[in-house]
Structures are given as structure tokens and as C-alpha cells.
Amino acid sequence: MSIDTATGLEAPAELSSERVKDIFSSIARKYERFNAISSFGAYKLWLAGMMRQAPIAEHHDVLDIAGGTGDVTFTVARTKHPAHIQCTDLVPEMLDVARMHIDEGDGAGVPIDFQVVDAQNIPYADGSYNVITMAYGIRNMPDRPRALAEMFRVLRPGGSLVCLEFSTPPNRAWRALYHFYLRHLIPFWGGLITGDNESFVYLAKSIRAFPDQEGLADLMHEAGFTDVTWKNYTGGIAAVHVARKPA
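Note that the coordinates shown come from a computational prediction; the quantities given were computed from them, not determined experimentally.

Basis of the calculations
Residue indices begin from 1 for each chain and proceed along its sequence in written order. pLDDT decides what is reported in this predicted model: residues at 70 or higher carry local features, side-chain atom pairs at 80 or more are listed and counted, and totals for whole chains, interfaces and linings draw on all residues regardless. Neither water nor hydrogens contribute to the side-chain values; these are computed over all heavy atoms in the structure. Secondary structure elements are taken from DSSP: a helix is a run of H or I of four residues or more, a strand is a run of E of two residues or more, and numbering for both begins at the N terminus. We call a residue buried when its accessible area falls under 20% of the maximum for its residue type, exposed when it is over 50%, and partly exposed in between, using a 1.4 Å probe and counting protein chains only. Any pair of residues with heavy atoms lying within 4.5 Å of one another is described as a contacting pair. In this description, accessible areas are obtained by the Shrake-Rupley approach with a 1.4 Å probe, and a residue is regarded as covered only by the protein chains that are shown. Counting rule for charge: Lys and Arg are taken as positive, Asp and Glu as negative, and neither His nor the chain ends is counted. Throughout, a charge is located at the NZ atom of Lys, the CZ atom of Arg, the CG atom of Asp or the CD atom of Glu. UniProt positions are given in the numbering used here, feature names are shortened, and annotations may be inferred rather than shown by experiment. Residues adjacent in sequence count toward polar contacts only when both atoms are side-chain atoms; beyond that, a polar contact is any pair of N or O atoms within 3.5 Å, and within protein one must be able to donate a hydrogen and the other to accept it. Only when DSSP finds a minimum of two bridges between them are two strands counted as paired. To obtain each axis, a line is fitted to C-alpha atoms, and for helices this fit is confined to the stretch in contact; angles are then taken between N-to-C directions over 0 to 180 degrees. The patches reported here contain residues having more than 30% relative accessible area and no salt bridge. Joining distances are 9 Å for like charges and 5 Å for nonpolar side chains (Val, Leu, Ile, Met, Phe, Trp, Tyr). Every case where a carboxyl oxygen of Asp or Glu lies within 4 Å of a side-chain nitrogen of Lys or Arg is listed as a salt bridge. When two rings of Phe, Tyr or Trp (its six-membered ring) have centres within 6.5 Å they constitute a pair, described as stacked for plane angles under 30 degrees, edge-to-face for angles over 60, and tilted for the intermediate range. In what follows, roughly perpendicular refers to angles from 65 to 115 degrees, roughly parallel to angles under 35, roughly antiparallel to angles over 145, and oblique to any angle outside these ranges. Each crossing is labelled by how the near helix is turned from the far one, with a counterclockwise turn of less than a right angle marking it left-handed and a clockwise turn marking it right-handed. Gly is put with the polar residues, along with every residue not named as nonpolar or charged; the nonpolar set is Ala, Val, Leu, Ile, Met, Phe, Trp, Tyr, Cys and Pro, and the charged set is Asp, Glu, Lys and Arg. Here, the term disulfide refers to a pair of cysteine sulfur atoms separated by no more than 2.5 Å.

Q: What's the story with the overall build of the chain in this structure? I'm lost.
A: Looking only at helices and strands, the chain features 9 helices and 7 strands. Based on the C-alpha atoms only, the size of the chain along its principal axes is roughly 45 × 40 × 35 Å. Buried positions account for 55% of the 247 residues belonging to the chain. If you take every contact in the chain between residues at least 6 apart in sequence, the share linking residues at least 24 apart comes to 72%. Roughly 10500 Å² of accessible area belongs to the chain as shown, and the carbon and sulfur atoms make up 55% of that amount. Charge-centre separation for the chain: the mean point of 23 positive side chains lies 6 Å from the mean point of 29 negative side chains.

Listed below in C-alpha cells is the structure:
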């Protein structure tokens, strides 16, 4: 079933997919600045936590889903030095920014390729990758079960999916503060930095409508993954899920 990612209600997939393309194509060149300012730098700590949990070895072939401007791809390259990274995203303009970072030397000598890919229809053969990474991606996909099934398919037996996503703070007071931040400050910072307030109203809604930690783990289990675990960061604002494909 496809949903409207802003509400979680059933809707045609095209509604959310086209909205995501429009939003991220327009803010691509200012997206990294927004991440840094709106998270008060915490997104770097979340990426570091993601890498500590990512079972990536130097001989691995890594697929980065919803790779955007390359934050995860380049962090993997610097910290894990795998044999190859395939960085993919739905929005060409985001990958254009990532390619600029390659020219600046951010690839750390790791072979990296880029391709526009819809994660709900991954154009790679079964069992192509040892590890899949994904940050802030599954939340924007209208058919999440299909996307996770596709990731499961292209992983090799015993491979892992490592997913960083905004989540639900378990503490009630912290959760109330977080929802205030999403409702008011995310659109404020987004409008100030990019001049596009409405896009960030959507992004905040999509975070509020997204399943909590257990809900995302359930979706992963339903796709066939086992040993699904997660670790909370910054009071549960973000969580890193690690799921394994049975060997």
C-alpha cells in the first residue's frame, strides 16, 4: 500500500514521489547548510554513530540509498574504505552536489559511482551488495514495504541494511519539545536558509507521521530482515536501525 508521506494515510504513490522530487531539486544546493544549522551540528554525531554500527569491511560493495548530497557515502568512504560505493538518489540535483564533493576530494580514494534510482524499483541484480546504507530516506518513500523488499533482494545473504532516520523520543517531555521544534523551528530555519518555507513544513509533517522505532523495525521484519536492532541518539530524535538478511 502506498501512502501520503506527509500524513501516513493511503494515497497514490505519485503524490509523494513528485512532491519529494520538487522539494529536493529546489533546495539541493542549500540542503547541507540547513542540516548543519537546524540540527545544531548533531547530524555529524548521528552519522558517526551510524558508522560505529555499520558492519562494513574493506572488501565490501556498498549501496547508499537516498544518498542525496553524499553525506553518508563520503562518511563511509572516509571511515570504512570499502571496495566500492554506489551512491543513488531519486533527485538528480542532489547527486549533482555529491559529484561536486568528489571533485573536492571527499571520496577518500574509494571508487564511487552515482545513479538516479527510485528505491522502490532498484535496477540492480539480486544479491549485488554486502551492505546498504540509508539516511533520512525511507520516510520519504510512499511504498515502504516495497522499498524494503527491494533492498532485501539486492543484498547478499548475510548482508546488512543500516538505516539512520528521525524517530520518536521515548521521554514525554522531550517528545513534546521535539514536536514543537518540528512544527515551528524546522519551517523557520528552512525558510530562512533556502527561502522555501513550505518545503520544510512538509518535511516536518513527514517526520511526525513516520513510525516510531518499533514500527520501523516491524516493517523491516515484514520484508524478511532478521536481527533488527536500533540505537537512539539525542534522546531518541534520531535512531540507527541495523537489520540483517539471513545467510
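Q: Sorry if this is basic, but what is going on with the UniProt feature "binding site: S-adenosyl-L-methionine" (unreviewed entry) in the chain here?
A: Taken from the UniProt record, the annotation "binding site: S-adenosyl-L-methionine" (unreviewed entry) applies to Thr 69, Asp 89, Asp 118 and Ala 119. Mapped onto the elements, Asp 89 comes out in strand β2 (residues 84–89). In contact with Asp 89, not counting residues within four places along its chain, are Ala 66, Gly 67, Gly 68, Met 94, Leu 95, Gln 115, Val 116 and Val 117. Polar contacts involving the side chain of Asp 89 include one to the main-chain amide nitrogen of Gly 67, which spans 3.5 Å. Here Asp 118 shows up in the loop between β3 (112–116) and β4 (129–135). Here Asp 118 falls in the partly exposed class, since its relative accessible area comes to 31%. A polar side-chain atom of Asp 118 sits 2.9 Å from the main-chain amide nitrogen of Gln 120.

Q: Explain the sheet that holds β3 here, please?
A: Sheet strands pair by backbone hydrogen bonding; their relative direction is either parallel or antiparallel. Pairing is mixed in the open sheet, where 7 strands are placed in the order β3-β2-β1-β4-β5-β7-β6. Unpaired on one side and paired on the other, β3 and β6 (226–233) mark the two borders of the sheet. Between one strand and the next, the sheet's axes are offset by a mean angle of 15 degrees, whatever the strand orientation. Bridge count between strand β1 (residues 61–65) and β2: 4 bridges; the pairing is parallel. Residue pairing in the sheet places Val 62 in a bridge with Ile 85 of β2.

Q: Is there a simple way to explain a nonpolar patch on the surface in this structure?
A: A cluster of nonpolar residues, Phe 180, Leu 185, Phe 188 and Leu 192, forms a patch on the protein surface that exposes about 400 Å² of accessible area. The topology assignment puts Leu 192 in helix α7 (residues 172–194). On the accessibility criterion, Leu 192 (57% relative accessible area) is exposed.

Q: Looking at this structure, how should I read the packing of aromatic side chains?
A: Each aromatic ring pair is summarised here by two numbers: the centre-to-centre distance and the angle between the ring planes. All told, the structure shown has 5 aromatic pairs when counted by the stated rule. For the pair Trp 46 and Phe 166, a centre-to-centre distance of 5.9 Å together with 90 degrees between the ring planes defines the contact as edge-to-face. In this pair, Trp 46 sits in helix α3 (residues 42–53) while Phe 166 sits in strand β5 (residues 155–166), placing the two residues 120 residues apart along the sequence. With respect to class, Trp 46 is no different from Phe 166; both count as buried. Each ring, one from Phe 152 and one from Phe 225, has its centre 5.1 Å from the other, and the planes form 85 degrees; the classification is edge-to-face. Taken together, the positions of Phe 152 in helix α6 (residues 144–154) and Phe 225 in the loop between α9 (213–222) and β6 put the pair 73 residues apart, joining distant regions of the chain.

Q: What's the story with the packing of α3 against helix α4 (residues 71–80) in this structure? I'm lost.
A: When two helices pack together, you describe them by how their axes are tilted relative to each other and by the distance separating the axes. Contact pair α3 / α4: the axes reach a minimum separation of 10 Å and the direction vectors enclose 55 degrees. On the basis of the axis angle, α3 is oblique to α4. Viewed along their axes, α3 and α4 form a crossing whose handedness is right-handed. The segment α3 lies against α4, with Tyr 43, Leu 47, Met 50 and Met 51 engaging Asp 71, Val 72, Thr 75, Val 76, Thr 79 and Lys 80. Taken together, the residues of the contact of α3 with α4 break down into 6 nonpolar, 2 polar and 2 charged.

Q: For this particular structure, what's the right way to read the state of the cysteines?
A: Here, disulfide denotes a covalent bond that connects the sulfur atoms of two cysteines. Scanning the entire structure with this criterion turns up 0 disulfides. Here Cys 87 is not disulfide-linked; the sulfur of Cys 163 is the nearest cysteine sulfur, at 15 Å. Take Cys 87: its relative accessible area is 0%, and that puts it in the buried class.

Q: Help me understand the pattern of salt bridges in this model?
A: Between side chains of opposite charge, a pair can form when the charged atoms approach closely. Here the structure, examined in full by the defined rule, presents 7 salt bridges. For Arg 99, the salt bridge goes to Asp 96, with nearest N and O atoms at 3.1 Å. Of the two residues, Arg 99 and Asp 96 are both situated in helix α5 (residues 92–103); the distance of 3 residues between them amounts to about one turn of the helix. The exposure class assigned to Asp 96 is partly exposed, which follows from its relative accessible area of 35%.

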